[in-house]
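# Report on the structure
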Amino acid sequence: MTKTFAEKSRNTTFLGMFALMSATSILFHSCNQEKDKKESEKIISKNDPTAKIVPKIDDENVTSDKRVIYLTFDDGPNRGTENLLKILHKRNICATAFLVGKHAYGSKKQKEDLELLRQDQLVELANHSFTHAHNKYTDFYKNPMAVVQDFDAAKDSLKLYDKIARTPGRNIWRLNNITVTDLKSSTEAANSLKKAGYKVIGWDLEWKPSNKMALKGNHEAMLKKVDSIFFNDLEKTSRHLVFLTHDQYLTDTDSVNELDLFIEKLQKTNRFVFRKISEYPKINEVLN
Ligand SMILES: [Zn+2]
C-alpha cells in the first residue's frame, strides 16, 4: 500500500490499491473552494488531433495522492432528475447540472425539478443551450450566431450568469488554456461562444446509455475507466477528471443503484475529492 499515483505501478491499479481504505475524510474534501497555482508543460490530449499543446495545469492544493472528479449531469430537468438528487444527498456529494432551457418548460414536473435543482446546495447549474440543437447537431453548428443566441436564451431564461456552458452533442472545450473540438465543423460556432464570453467545457469520461436509455454496463467497469484515464494521463488537466452522464438514464432501479455504487466506491477509496464545475482549474479566468 505504499505506491502512489506518481509511480503509476503497472502491477497494481489505483482503485484496487485503495479499495479497502476507509472513507473517513471524504466530507472534509468535498466541494471545497481551493484555487490552483502551478503549471507544467504537457500535451493536453494525446489522441485528439485538434488538441493544442498548451500548459497543463497542476494543482498544488490537491495533495499528490488525490485526484479531483467533477460529476456532471446533462439535459435536465428531465426524467431521472429526482433520482439523481436522491443519490447526491445519500452520498452527500456535489455535482453540476448542465440544463437545457426548454426542458424547464416541458412539464409542471420539470419546472418543479428545476426549482429543486436551483435550491440544492450540492448542485451547481450550468448552461447546455436552450433548444439542445433540436437534436440536429450538424445544422445547428453551421450557424455560429444562432448557436450563441441559443445559449443566451438559456442564460436569460434560466438565469445562468456564470456563462459556463457545454455544447449539445459535441465534446468541445474552450477555456483559456484548453482548446478541443471533437468535430471540425463545429469549430467556428465554438469560437463564437468563447468570443461571447462562454467558458465551454466538455468531458473526459462519459457513462453512456444502453439502447433502453439506462446506464450501460456496471459501476465496476466505470471505476476501471476512471482508473485508466488517470493512469494513462488522458485527462485534459492533470489530476482533474470531468465525468458526464445524463439524468434521463436514472429512471430504472438498476441504473440508480449502479450510479450510487460508483459514487460510494469512489468515496471509499479516500483518494478522490469532488468539486463543482466552477472550481475547475482556470475556468474563471478572463478569456482571450
Ligand atoms: Zn445534452
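All figures in this text were calculated on a predicted structure; none of them were measured in a lab. (Residues numbered from 1 in each chain as written. Predicted model: local features only at pLDDT ≥ 70, side-chain atom pairs only at ≥ 80, totals over all residues. Heavy atoms only, no water.)

## Some details on the overall build of the protein
How we decide: A helix here means a DSSP run of H or I that spans at least four residues, while a strand means a run of E at least two residues long, and both kinds are numbered starting from the N terminus. Only heavy atoms enter the contact rule, under which two residues are in contact if any of them lie within 4.5 Å. What sets the accessible areas is the Shrake-Rupley method with a 1.4 Å probe; for residues, cover comes only from the shown protein chains.
Looking only at helices and strands, the protein has nine helices and twelve strands in total. Across the protein, every contact between residues at least 6 apart in sequence was considered, and the portion connecting residues at least 24 apart equals 78%. When the accessible surface of the protein is summed, it comes to about 13,400 Å², and 52% of that surface belongs to carbon and sulfur atoms.

## Side note on the nonpolar core
Test applied: Nine residue types can take part in a nonpolar core, namely buried Ala, Val, Leu, Ile, Met, Phe, Trp, Tyr and Cys, and a core is a set of them joined through side-chain atoms within 4.5 Å. Type-normalised accessible area, obtained with a 1.4 Å probe on protein chains alone, sets the label of each residue: buried when under 20%, exposed when over 50%, and partly exposed for intermediate values.
Counting 38 residues, the largest nonpolar core has L71, V226, F243, L259 and F262 as the members making the most contacts within it. At five residues, helix α8 (residues 219-231) tops the list of elements feeding residues into this core. Residues in contact with F243, not counting those within four places in the same chain, are I69, Y70, L71, T72, L205, W207, M222 and F262.

## Digging into the coordination of the zinc ion
Here is the rule we go by: Listed donors are limited to N, O and S atoms within 2.8 Å of the metal, widened to 3.2 Å for Na, K and Ca; water is not among them, so incomplete-looking sites are possible.
For the zinc ion, the protein coordination sphere consists of D75 (OD), H128 (NE2) and H132 (NE2), at 2.0 to 2.1 Å. Linear spacing of the donor residues for the zinc ion on their chain is D-x52-H-x3-H. Pair noted here: D75 is in strand β3 (residues 67-76) and H132 is in the loop between β5 (123-127) and α5 (137-141), with a separation of 57 residues, a long-range link. You'll find D75 and H132 in the same group, each marked buried.

## Brief notes about the environment of G76
Examined against the element boundaries, G76 turns out to sit in strand β3. With a relative accessible area of 1%, G76 lands in the buried category. Placed 41 residues apart in sequence, G76 and L117 show a C-alpha to C-alpha distance of 9.2 Å.

## Let's talk about the confidence of the model for the protein
Operational definition: The predictor rates its confidence in each residue with pLDDT, a number between 0 and 100.
In the predicted model, the protein carries a mean pLDDT of 85, and 78% of its residues have values of at least 70. Low pLDDT, under 50, characterises residues 16-29; the stretch is placed with 25 contacts to residues that sit more than four places away or in other chains. Predicted confidence is poor over residues 32-49, with pLDDT under 50, and the contacts of this stretch with residues over four places away or in other chains come to 54 contacts.

## Digging into the packing of α8 against helix α9 (residues 253-269)
Note the threshold: Under this scheme, a helix contributes an axis fitted over its contacting stretch, all axes are lines through C-alpha atoms, and angles between N-to-C directions fall in the 0 to 180 degree range. Convention used here: angles under 35 degrees read as roughly parallel, angles over 145 as roughly antiparallel, angles from 65 to 115 as roughly perpendicular, and any remaining angle as oblique. For any helix crossing, the convention is left-handed if the near helix is rotated counterclockwise from the far helix by under a right angle, and right-handed if that rotation is clockwise.
Two elements in contact, α8 and α9, have axes separated by 9 Å at closest approach and are oriented at 45 degrees. The orientation of α8 relative to α9 falls into the category oblique. Pair α8 / α9 crosses with right-handed handedness. Note on element contacts: α9 touches α8 through E258, L261, F262, K265 and L266, opposite H219, E220, M222, L223 and V226.

## So, the pairing of β5
To keep it simple, the criterion reads: DSSP-based pairing: two strands are paired if at least 2 bridges between them are found. Looking down the strands as they point away from you, a crossover is right-handed if its path from the first strand over the helix to the second goes clockwise.
Burial analysis of β5 places five of its five residues in the buried class, which makes it a mostly covered element. Side chains V123, L125 and N127 of β5 all project onto a buried face; the interleaved residues E124 and A126 project onto the opposite face, where all are buried too. Where strand β4 (residues 95-99) lies against β5, five bridges are found, and the strand directions are parallel. Within β5, the residue paired with L99 across the bridge is N127. Between the parallel elements β4 and β5, the chain passes through helix α4 (residues 108-119) in a crossover that is right-handed.

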